Amino acid sequence: MDVILKSLSQKANFTMRKNDVLANNLANVATKGFKRDAVYFKYTNNLDAELPAIQKTEFHQGNITPTNNPLDLAINGDGFFTIEIEGMENVLTRNGHFLIDENGLLKTVDGYDVLGESGPIELISKEGVVGLVEISTKGEINVNGKFKDKLRIVNTEDLQALKKIGGNMFSADESVEIEDVEEPHVQQGFLEGSNVVAITEMVELIQLQKQFEITQKVLHTVDGVDSKAATAVGKV
């Protein structure tokens, strides 16, 4: 009976965790470049063992839509933009919604530097003002027709080694091999949307709620039977 109660309790805990993940996916359905998470049970034949929940990020591409903003960039295909955050290495994002700060540097909306092959990207022309910014499909940046830098776009074969760090960004430790994408396909004036499909998440949430209610009912039933059995034994 204890094994059954433990198994049911674990399933209830897993259901609650999956509910939190699905809810977070739904909350980010409009977040540019967001990648949905999924949670799975790792089953085992050992009934006494804990059933670990495995969380994975799904990296398939979201829809790419035009914005007509020259500082909005989308990567069509593999790769990530690289971001500089003090004290951290290999900070990556698929969210190409960028801006220019007062010093003419290309920044994320949170104020972090977007990196080119030469470091932070300066978009000031020789005249000391921000000129016409043109970015090729290869990520080459020109200001008023003059080459400035090339976006550093990277990728890894071990995508599951990337960790979400908030702000729609990922990080990779030194053990993860990061490589430059030789032939990226950058689209200027476009943004990649979230890869979350709202209706799919909602259906899963509804099914999950039903499963949780069934598990709770069974838990109460088994617990009641266990209590009655214990009372009966005490009377003997």
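A brief look at the structure comes next. (Residues numbered from 1 in each chain as written. Predicted model: local features only at pLDDT ≥ 70, side-chain atom pairs only at ≥ 80, totals over all residues. Heavy atoms only, no water.)

## Regarding a negative patch on the surface
Then step 1. On the surface, a cluster of negative charge is contributed by Glu157, Asp158, Glu177, Glu179, Glu182 and Glu183.
Then step 2. As for its position among the elements, glutamate 183 is in the loop between β17 (179-180) and β18 (186-188). (Patch = residues over 30% accessible without salt bridge, like charges linked within 9 Å, V, L, I, M, F, W, Y side chains within 5 Å. Areas by Shrake-Rupley, 256 points an atom, 1.4 Å probe, with all protein chains shown as cover. Salt bridge = Lys/Arg side-chain N within 4 Å of Asp/Glu carboxyl O. Lys, Arg positive; Asp, Glu negative; His and termini not counted. Charge placed at Lys NZ, Arg CZ, Asp CG, Glu CD. Helix = DSSP H or I, 4+ residues; strand = E, 2+ residues; numbered from the N terminus.)

## Focus: the pattern of salt bridges
Then step 1. Overall, the coordinates contain 10 salt bridges when judged by the stated rule.
Then step 2. Across the pair lysine 35 and glutamate 192 runs a salt bridge whose closest N-O atoms are separated by 2.4 Å. With a gap of 157 residues between them, lysine 35 in the loop between α1 (2-27) and β1 (37-41) and glutamate 192 in strand β19 (residues 190-192) connect regions that are remote in the sequence. Judged on exposure class, the residue lysine 35 and its partner glutamate 192 are both buried.
Then step 3. With its nearest N and O atoms 2.8 Å apart, the salt bridge here joins glutamate 192 to arginine 94. Pair noted here: glutamate 192 is in strand β19 and arginine 94 is in the loop between β6 (91-93) and β7 (98-100), with a separation of 98 residues, a long-range link.
Then step 4. A residue is classified by how much of its surface remains accessible, and glutamate 192, at 2% relative accessible area, is buried.
Then step 5. Judged by relative accessible area, which is 5%, arginine 94 ranks as buried. (Buried < 20%, exposed > 50% of the residue type's maximum accessible area, 1.4 Å probe, protein only.)

## Here's the deal with a nonpolar patch on the surface
Then step 1. Side chains of Val197, Ile199, Met202 and Val203 sit close together on the surface and give an oily, nonpolar patch of about 350 Å² of accessible area.
Then step 2. Take valine 203: it is sitting in helix α2 (residues 198-235).

## Some words on the pairing of strand β13 (residues 146-150)
Then step 1. Pairing between strand β12 (residues 140-143) and β13: four bridges, direction antiparallel. The residue bridging glutamate 140 from the neighbouring strand is lysine 150, located in β13.
Then step 2. Counted along the chain from β12 to the antiparallel partner β13, the turn is two residues long, and its residue asparagine 144 has a positive phi close to 55 degrees. (Pairing = 2+ DSSP bridges.)

## As for the environment of lysine 138
Then step 1. Tracing the backbone through its elements, the reader meets lysine 138 in the loop between β11 (133-135) and β12.
Then step 2. Judged by its relative accessible area of 40%, lysine 138 falls in the partly exposed class.
Then step 3. With 43 residues separating them in the primary sequence, lysine 138 and valine 181 have C-alpha atoms 9.7 Å apart.
Then step 4. Dropping the residues within four chain positions of it, lysine 138 is found in contact with Lys150, Glu183 and Pro184. (Contact = heavy atoms within 4.5 Å.)

## A short note on unusual backbone geometry
Then step 1. At asparagine 90, a position not held by glycine, the phi torsion is positive, near 55 degrees.
Then step 2. Take asparagine 90: it is sitting in the loop between β5 (80-84) and β6.
Then step 3. For asparagine 90, a relative accessible area of 24% corresponds to the partly exposed category.

## Quick notes on the environment of aspartate 101
Then step 1. Mapped onto the elements of the fold, aspartate 101 is located in the loop between β7 and β8 (106-108).
Then step 2. The class for aspartate 101 is buried, based on a relative accessible area of 18%.
Then step 3. Considering only alpha carbons, one finds aspartate 101 and glycine 111, 10 residues apart in sequence, at a separation of 8.1 Å.
Then step 4. Within the structure, the side chain of aspartate 101 is placed 2.9 Å from the backbone nitrogen of asparagine 103, a separation counted as a polar contact.
Then step 5. Within the structure, the side chain of aspartate 101 is placed 2.9 Å from the backbone nitrogen of leucine 105, a separation counted as a polar contact. (Polar contact = N/O pair within 3.5 Å; in protein donor to acceptor, adjacent residues only side chain to side chain.)

By themselves, these figures tell us nothing about what the structure is for.
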